[in-house]
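A closer look at the structure
Here's the letter readout for the chains.
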Amino acid sequence: MKVCIIYGSESGNSERAVKAIAKTWQGSNFEIGEIMEGATAAVRGFAALAEQYDFLVVATSSNGEGDPPFNFHPFLKALYAADDAGEKPLTGCGFAVLGFGCSHFDTFQNCPRLTDKLLADLGAIRAVSREECDDSDEDHTKQAKAKWGDAVLKVLQSGKIPSAHVGDWADACTQNGATILDKHDDMLVAAAQGAPSVPLLVFGALAVAAAGVAVSKFAALTGEVAV
Ligand SMILES: Cc1cc2nc3c(=O)[nH]c(=O)nc-3n(C[C@H](O)[C@H](O)[C@H](O)COP(=O)(O)O)c2cc1C
């Protein structure tokens, strides 16, 4: 079975964790193909992912008020768009979500929960129940990562994707109730805003150039040589 690892991570926590867990996965029935951020996976597209991979391992945190991390935003947006269109492009794929967050936030685990729900809505089979890692409970997080990593490895080693979902997204909620704050409109607003305007880009380029000149002048003054 071919596996793709997709992550969303604002400060590197989810990324580091899933990479460390995946490093421990050994077996002959599966092969880890690529590890990519959600933004890259969104550009690849669900159809291409499903053609190339049998299993999607997804680790993401929540940021802002239950928003996706910057490098996962396009992936969540694409999940919503496919769901809106009634598409099931991930039929035949298995998946497992590992969530990161902090239970001090009312929107605890919002992005992982949304991701877990939408992946199933798009036809993928939840092969392992989501685990919710909590910054404010180190012991629980350690156990959750180990439990989830072992469960995913078991499925990968079996070489088979279960024929039915292992539970529902709501079953795996550990804190703040089985709630999701719908981010549909936020995704659309961000999409409508689109890329930064041309004047902003020009201003950004000028600022970078000015900073470069200032640094080289300073280096000349101090006799520092760039390597
Ligand atoms: C500004 C900010 C907003 C956050 N918002 C949420 C949130 O809405 N829900 C949640 O569960 N955790 C929230 N968190 C906690 C992060 O998800 C948590 O620290 C996580 O481990 C970060 O993982 P990452 O580095 O992979 O993004 C927030 C953290 C910060 C700094």
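The present account deals with the structure reproduced in this document. Given the structure is predicted, the values throughout are model-derived calculations rather than measurements.

Digging into the site of the ligand
In the vicinity of the ligand lie 20 residues, with Ser 9, Ser 11, Ser 14, Thr 107 and Asp 135 positioned nearest. Backbone polar atom of Ser 62 to an oxygen atom of the ligand: 2.7 Å apart, as the coordinates give it. Protein coverage of the free-state accessible area of the ligand, which is 640 Å², stands at 80%. Elements supplying a minimum of two residues to the shell around the ligand: helix H1 (13-23) and strand E4 (94-101). For the shell around the ligand, a count of residues per class yields four nonpolar, 13 polar and three charged.

Some points on the pairing of strand E3 (residues 55-61)
The side chains of a regular strand alternate, first on one face of the sheet and then on the other. Of all seven residues making up E3, seven are buried, and the element is well covered by its neighbours. Relative to E3, strand E1 (residues 2-8) runs parallel, the two sharing six bridges. Along E3, the bridge assignment pairs Cys 4 with Leu 56. Here seven bridges tie E3 to E4, and the two strands are oriented parallel to one another.

A word on helix H5 (residues 110-121)
Over its 12 residues, H5 runs 16 Å from end to end, which matches the ideal 16 Å to within 8%, given 1.5 Å per residue. With 10 of its 12 residues buried, H5 lies for the most part within the structure. Considered for burial, the residues of H5 that qualify are Asn 110, Cys 111, Pro 112, Arg 113, Leu 114, Thr 115, Asp 116, Leu 118, Leu 119 and Ala 120. Those residues of H5 that are buried are in contact with E3, helix H4 (73-84), E4, strand E5 (125-126) and strand E6 (131-134). Gly 123, located one to two residues past H5, shows a positive phi value of around 100 degrees.

Digging into the pattern of salt bridges
Counted under the stated rule, the structure contains 10 salt bridges. The partner of Lys 19 in a salt bridge is Glu 15, with the nearest N and O atoms 2.7 Å apart. Pair noted here: Lys 19 and Glu 15 are both in helix H1, with a separation of four residues, about one helical turn. Across the pair Asp 116 and Arg 126 runs a salt bridge whose closest N-O atoms are separated by 2.8 Å. Taken together, the residues Asp 116 in helix H5 and Arg 126 in strand E5 connect sequence positions 10 residues apart. For the pair Asp 116 and Arg 126, a shared accessibility class is recorded, and that class is buried. Ionic contacts of the salt-bridge type, sharing partners, join the residues Arg 113, Asp 116, Arg 126, Arg 130 and Glu 132 into one network.

Topic: the packing of aromatic side chains
With the rule as written, the count across this model stands at three aromatic pairs. Ring centres 6.1 Å apart and planes at 45 degrees place the aromatic pair Trp 25 and Trp 148 in the tilted group. On the criterion of sequence distance, the pair formed by Trp 25 in the loop between H1 and strand E2 (31-37) and Trp 148 in helix H6 (residues 138-158) is long-range, its members being 123 residues apart. Owing to a relative accessible area of 1%, Trp 148 belongs among the buried residues under this scheme. Residues Phe 72 and Phe 75 carry aromatic rings whose centres are separated by 5.1 Å and whose planes lie at 50 degrees to one another, so their mutual orientation is tilted. Each of the two residues, Phe 72 as well as Phe 75, counts as buried. Within the aromatic cluster, the residues linked to one another by ring pairs are Phe 46, Phe 72 and Phe 75.

About the cut-offs
Residues numbered from 1 in each chain as written. Predicted model: local features only at pLDDT ≥ 70, side-chain atom pairs only at ≥ 80, totals over all residues. Heavy atoms only, no water. Near = heavy atom within 4 Å. Polar contact = N/O pair within 3.5 Å; in protein donor to acceptor, adjacent residues only side chain to side chain. Areas by Shrake-Rupley, 256 points an atom, 1.4 Å probe, with all protein chains shown as cover. Helix = DSSP H or I, 4+ residues; strand = E, 2+ residues; numbered from the N terminus. Nonpolar A, V, L, I, M, F, W, Y, C, P; charged D, E, K, R; others polar. Buried < 20%, exposed > 50% of the residue type's maximum accessible area, 1.4 Å probe, protein only. Pairing = 2+ DSSP bridges. Expected span 1.5 Å × (residues − 1). Contact = heavy atoms within 4.5 Å. Salt bridge = Lys/Arg side-chain N within 4 Å of Asp/Glu carboxyl O. Phe/Tyr/Trp six-rings, centres within 6.5 Å; stacked < 30°, edge-to-face > 60°.

Note that all results are geometric; they support no functional claim without further evidence.
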